[in-house]
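What the coordinates show
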Amino acid sequence: MASSSGLALNEELQCSICLELSTDPVTTPCGHNFCRTCLIKCWTDTQTCFCPLCKETFSRRPDLKINTTLREVVHHFKEKLNLGESEVFCDFCGERKQKAVKTCLMCQNSYCETHLEPHLSVPRLKKHTLINAVENLEDYICQKHERPLELFCRDDQTCVCLFCTEGEHRTHNTVPIEEESREKKNHLAKRQTDVHQMIQDRINKIQEIQHSVELRKSNTEKEKSTSVELFTDLIRSIERCQSDQLKMMEEQQKAAEKQAEDLIKELHQEITELKRRNTELEQLSHIEDHLHLIQMSSSLNSRPHTKNWTEIRIDSDVNVNSLYRALTHLKKTHETLNEQLSQTGLKFVQKFAVDVTLDPDSANPYLILSDDGKQVRHGDVKQKVPENPKRFNQGLRVLAKQGFSSGRFYYEVQVKGKTEWTLGVIRESVDRKGEIRLRPEDGVWTLILMNENQHIACDDPAVIFPQIEKPEKVGVFVDYEEGLVSFYDVESRSHIYSFTGQTFTDKLYPYFSPCNNDEGKNSNPLIITPVC
């Protein structure tokens, strides 16, 4: 039997992956030891290297070198445990002692192959109990009766001899030590299998997390590409509008300059004609011949054929109608882009849809839940339900059975035909007895409808949306690590509101309140619907 110190040392020298004594042990930067092949296998098909025991992650793959000192200790320990050849010598050999192969518990001596012969041939000695040669024979002998420890007392969990069963262990449950050994080996084998499975489960979980990170990275790249394309289209649209507007303004300027040039030319022509008329009048005024003066003046008395220039002008203001048209087009383009981004965002978050059902143990007694846990409405009569710490005793509230402490999740709720409702998430530690303040600092992130068409995001301060279109189905999305809670109008595929920059530490539960039925005006249930 191995001593307790030997067992403790055995555990220290074990590889925590294969649970065997380490083979070619290597040491990680965090100071833990593993079989070289076990650790390399653990790091196969993964880009992130970590310690399988303490989970510390290493920025780069460590250079694994065999711990030669530890390897020597393991080798020495294996020899001490008799995993190599026996170092027990025959008690009956002369000067040149041979290594013992068996120890007799009855004779309390060890024998080499030669001196063991009588125990294999003499009928009386053949009945003796032989075990593999051991050095610490006293561990196998009852110290009280000096008889072999051949039985195991399950009541006292100790090894006993046959004489012990006739004394203080007479009424106890005792079995042959071989039987107990087989049972313990089977139990240890099962435990080892369980531990191996636990290790494998955690390795699989690590791979699952790494796969999720890679998938998220891939999805992020796709969404970034889509966003870049949309914003590029917007920039191009702006550039086209700018180019068209500048070109139009230049054309208008050229037209104005051409118009001015033509008018100036016409004015010069009239000035020349008027100067000529003025010269003729001047000459006529100096004529002394009265008859000739009268005859000539009759042709000059008529008004010159000139244009009325009073209302004619060149407009110095730029014609902005085209600019307004360009800005209107740009606004429509921007609205289209926002719609595309909202639809892209909803399509993305819908990938994280989870199956949510209502928890009857949390429901306020005045709420009525459907048998499938997908609908909730306000009843007029208090239900007879057992009291428990999870149940809300004030406020028409109920939570989902499912809680989330990491990652992302999304669900949709039909609110069609209702005049009031509240949806969102709540942290697990919120006290469910008494009133609850609907605000982030108290662990509640919600969107509510009140007065039939007034939507309020219960942020700090609250945000009111009096003009938004009344949704028939609301989507709720949570990114735990990013501290994000978002609400969507599923039918119009538009974004309503987001709580950002939050810090989550507790498990989060989906939160529902159908609100008071208001004498039948708000009797429709909230319905958790499948995500299409």
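The structure contained in this document is the topic of the report that follows. Since the model is a prediction, treat every value here as computed from it, not as a measurement.

Re the overall build of the chain
On a plain count of helices and strands, the chain comes out with 8 helices and 23 strands. Here the chain, with 532 residues, has 33% of them falling under the buried criterion. For the chain, the share of sequence-separated contacts (at least 6 apart) that also reach a separation of at least 24 residues comes to 58%. Surface exposure of the chain reaches about 33,800 Å², of which carbon and sulfur atoms provide 50%.

Description of the sheet that holds strand 9 (residues 158-160)
With antiparallel pairing, the 3 strands of this open sheet are ordered in space as 9-8-10. Unpaired on one side and paired on the other, strand 9 and strand 10 (174-176) mark the two borders of the sheet. Adjacent strand axes in the sheet meet at a mean angle of 35° when their direction is disregarded. Note: strand 8 (residues 151-153) against strand 10, 3 bridges, orientation antiparallel. By the bridge assignment for strand 10, C153 is matched with T174.

Focus on the packing of aromatic side chains
Scanning the entire structure with this criterion turns up 11 aromatic pairs. Here the aromatic rings of F348 and F352 are separated by 5.4 Å at their centres, their planes lie at 70°, and the arrangement is edge-to-face. Geometrically, the ring pair formed by Y411 and F512 is tilted, given 5.7 Å between the ring centres and 50° between the ring planes. Placement of the pair is Y411 in strand 14 (residues 408-414) and F512 in strand 22 (residues 508-513), with a sequence separation of 101 residues. A single burial state applies to Y411 and to F512, both of which are buried. Three or more aromatic residues link up through ring pairs in this structure, and these residues are F465, F487, Y497 and F499. Positioned above the aromatic ring of F163, the side-chain terminus of R147 is 5.3 Å from the ring centre.

Describing the side chain of Q502
Secondary-structure assignment places Q502 in the loop between strand 21 (494-499) and strand 22. When neighbours within four sequence positions are excluded, Q502 is seen to be in contact with P440, W445 and G483.

Notes on the sheet that holds strand 5 (residues 102-104)
The antiparallel open sheet is built from 3 strands, whose spatial order is 6-5-7. The open sheet has two free edges, formed respectively by strand 6 (109-111) and strand 7 (130-132), since each of these has just one partner strand. Taken pair by pair, the neighbouring strands of this sheet meet at an average axis angle of 35°, ignoring direction. Pairing analysis gives 3 bridges linking strand 5 to strand 6, with the strands arranged antiparallel. In the sheet register, K102 faces strand 6, and the bridge partner there is Y111.

Let's talk about the pairing of strand 19 (residues 473-479)
On any regular strand, side chains alternate: one points to one face of the sheet, the next to the other face. Burial analysis of strand 19 places 7 of its 7 residues in the buried class, the great majority of the element. Here strand 19 shows a buried face lined by K473, G475, F477 and D479 and a second buried face lined by V474, V476 and V478. Sheet topology note: the strand 14/strand 19 ladder contains 7 bridges and is antiparallel. Considered in strand 19, the bridge of Y410 is made with F477. Pairing geometry for strand 19 and strand 20 (residues 484-489), over 6 bridges, is antiparallel. If you follow G475 over to strand 20, its bridge partner there is Y488. Here strand 19 folds back onto strand 20 in antiparallel fashion, the turn holding 4 residues, of which G483 has a positive phi close to 65°.

Focus on the nonpolar core
Y411, W421, L423, V485, F487, F512 and L526 are the most contacted members of the largest nonpolar core, which has 35 residues in total. Mapped by element, the contributors of at least two residues to this core are strand 14, strand 15 (421-427), strand 16 (444-450), strand 19, strand 20, strand 21, strand 22 and strand 23 (526-529). Residue contacts for Y411: discarding those within four places in its chain leaves V356, G424, V425, V474, G475, V476, P510, Y511 and F512. In this structure, L39, C51, L64 and I203 belong to the second largest nonpolar core, which totals 18 residues.

Describing unusual backbone geometry
A cis amide bond links D460 with the next residue in sequence, P461, at an omega value of 5°. Even without glycine at this site, Q157 takes up a positive phi of about 55°. Its location among the elements puts Q157 in the loop between strand 8 and strand 9. The phi dihedral of E519 is positive, around 55°, even though this residue is not glycine.

The rules we used
- Residues numbered from 1 in each chain as written.
- Predicted model: local features only at pLDDT ≥ 70, side-chain atom pairs only at ≥ 80, totals over all residues.
- Heavy atoms only, no water.
- Helix = DSSP H or I, 4+ residues; strand = E, 2+ residues; numbered from the N terminus.
- Buried < 20%, exposed > 50% of the residue type's maximum accessible area, 1.4 Å probe, protein only.
- Contact = heavy atoms within 4.5 Å.
- Areas by Shrake-Rupley, 256 points an atom, 1.4 Å probe, with all protein chains shown as cover.
- Pairing = 2+ DSSP bridges.
- Axes fitted to C-alpha atoms, helices over the stretch in contact; angles between N-to-C directions.
- Phe/Tyr/Trp six-rings, centres within 6.5 Å; stacked < 30°, edge-to-face > 60°.
- Lys NZ or Arg CZ within 6 Å of the ring centre and 35° of its normal.
- Core = buried A, V, L, I, M, F, W, Y, C linked by side-chain atoms within 4.5 Å.

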